[in-house]
Amino acid sequence: MSKAQMGPFPKSKAQIRQIAQSVLLSKIAPIVVASMGRSGSTLVHDAICRGLAEARFGHSGRLATGLVAGYAWDLSAAPLRNGVAYKTHALAEELDGRSDVKVVFLFGSAVDSAVSVINARKVKGDAWIASHFDHLRGEGGLAELAERDVLRFSDQLDGWTSLTSTPAIAMKYDSLWHNQDSLSDFLGFPIALPPRRERSAKQVDSKILKRLQQTYALLESRIAAMPDVIRSGPEEKAQAGMKNQ
C-alpha cells in the first residue's frame, strides 16, 4: 500500500500525541488547569500530568506524562478528552458550562504576576509577550500593564471562582504546598508537587513597581482576603440552595 493510499501522516509530535489521546480511552474526566498567568499553572499542570500518568498507566515516565498532557489555548474549540490535563489561560466563559470537566484554577498576587510578565520579556522576548497576552485575552499591551488591568486578572478571578455547572477548585499559589491533599481529593488521584522554591525578588524598576502596586491595590486586597482553597460547582451550588431554603 502506498503512502497516498494510507492517507496523510501526522506532521508533528503534537499531532501524534492528539491521535494517541483520542484512541487511549479513560474514565477520568478531562482536567483544565487555568490561571491568572505566571501564578503556578505550569508547576501544577506538570504535577497533575505526573499523577494522572501514574493513575492511568502505573508510571510517570516521559512518554506516559506526554500522553496525558494537553494545551487548550482556544478553550472553546478544544476537544477536552477524558484522561488528559489541559493547560489554558482562557476565560471561564469559554468552557461554556460543561459539567463533564474538572477545573483547577491558580491565582495569586496580581503585582507578582505583572512583574513576572515584565521580567519574562527580557528572557523570552516580544513574541512570547504577544502570545501571552493573546492566551489571556488581553485588552491592551505591555506598555499599559502598570496603568490598568490589561491582562484581565479580575475577569479571570471572577469567572473561574464562580463556576456553577463545572466542578472546580481554586487555589492560592502561596498555599499550594499546604493543600496538596485538597487537590488530590478533588481530582481523585495523588498529586505530589516538587519542593517549593522561593520566587526571585521583584526585579523591576522601582517607579514601575510603585505604579503597579497603586494600580492593582484593590485587587491585591481582595486576593489577600480570599480563602486559600475555594470549591465551586454543582455540589456547592446545591448546598448553597439547601441553606437558603
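Residues numbered from 1 in each chain as written. Predicted model: local features only at pLDDT ≥ 70, side-chain atom pairs only at ≥ 80, totals over all residues. Heavy atoms only, no water.

Colleague: Help me understand the pattern of salt bridges, please; the structure alone is not making it clear to me.
Modeller: Pairing is possible between side chains of opposite charge, provided their charged atoms come close. What the rule picks out here adds up to 10 salt bridges. R222 is the partner of D158 in a salt bridge, and the nearest nitrogen-oxygen pair spans 2.7 Å. Highlighted residues: D158 in helix α7 (residues 153-160) and R222 in helix α10 (residues 217-225), separated in sequence by 64 residues. On the accessibility criterion, D158 (35% relative accessible area) is partly exposed. (Salt bridge = Lys/Arg side-chain N within 4 Å of Asp/Glu carboxyl O. Helix = DSSP H or I, 4+ residues; strand = E, 2+ residues; numbered from the N terminus. Buried < 20%, exposed > 50% of the residue type's maximum accessible area, 1.4 Å probe, protein only.)

Colleague: What is the right way to look at the layout of surface pockets in this model?
Modeller: If a probe as big as a water molecule is rolled over the atoms, it shows which places are left empty. Estimated volume of the second largest pocket: approximately 210 Å³. Forming the boundary of the second largest pocket are K13, A14, R17, R62, L63, G66 and L67. Breaking the lining of the second largest pocket down by element, the ones donating at least two residues are α2 (13-23) and α4 (62-67). Residue contributions to the lining of the second largest pocket peak at four residues, all from α4. In terms of residue class, the lining of the second largest pocket is built from three nonpolar, one polar and three charged. (1 Å grid on protein atoms, 1.4 Å probe; cavity = no way out; pocket = protein on both sides within 12 Å on 5 of 7 lines; lining within 4 Å. Points joined across faces, edges and corners; volume = space filled by probe spheres on them. Nonpolar A, V, L, I, M, F, W, Y, C, P; charged D, E, K, R; others polar.)

Colleague: Even after reading the chapter, I still don't get the confidence of the model for the chain, so can you show me in this structure?
Modeller: Per-residue pLDDT for the chain has a mean of 91; in total, 90% of the residues score no lower than 70. Confidence over residues 1-6 falls short of pLDDT 50; this stretch has two contacts with residues more than four positions distant or in other chains. (pLDDT = per-residue confidence, 0-100. Contact = heavy atoms within 4.5 Å.)

Colleague: For this particular structure, what's the right way to read the environment of S154?
Modeller: Along the chain, the position of S154 falls in helix α7. For the pair formed by S154 and S109, sequence separation is 45 residues and the distance between their alpha carbons is 11 Å. Beyond its immediate sequence surroundings of up to four residues, S154 is in contact with D149, L219 and R222.

Colleague: Would you mind showing me how to read the pairing of strand β4 (residues 102-107) here?
Modeller: Along any regular strand, the residues point their side chains to alternate faces of the sheet. For β4, the buried fraction is high: five of the six residues fall into the buried class. Pairing analysis gives five bridges linking strand β1 (residues 31-35) to β4, with the strands arranged parallel. Residue S35 lies in a different strand from β4, and its bridge partner there is L106. Where β4 meets strand β5 (residues 168-172), five bridges bridge the pair, whose relative direction is parallel. Across the sheet, residue V104 finds its bridge partner in β5, namely I169. (Pairing = 2+ DSSP bridges.)

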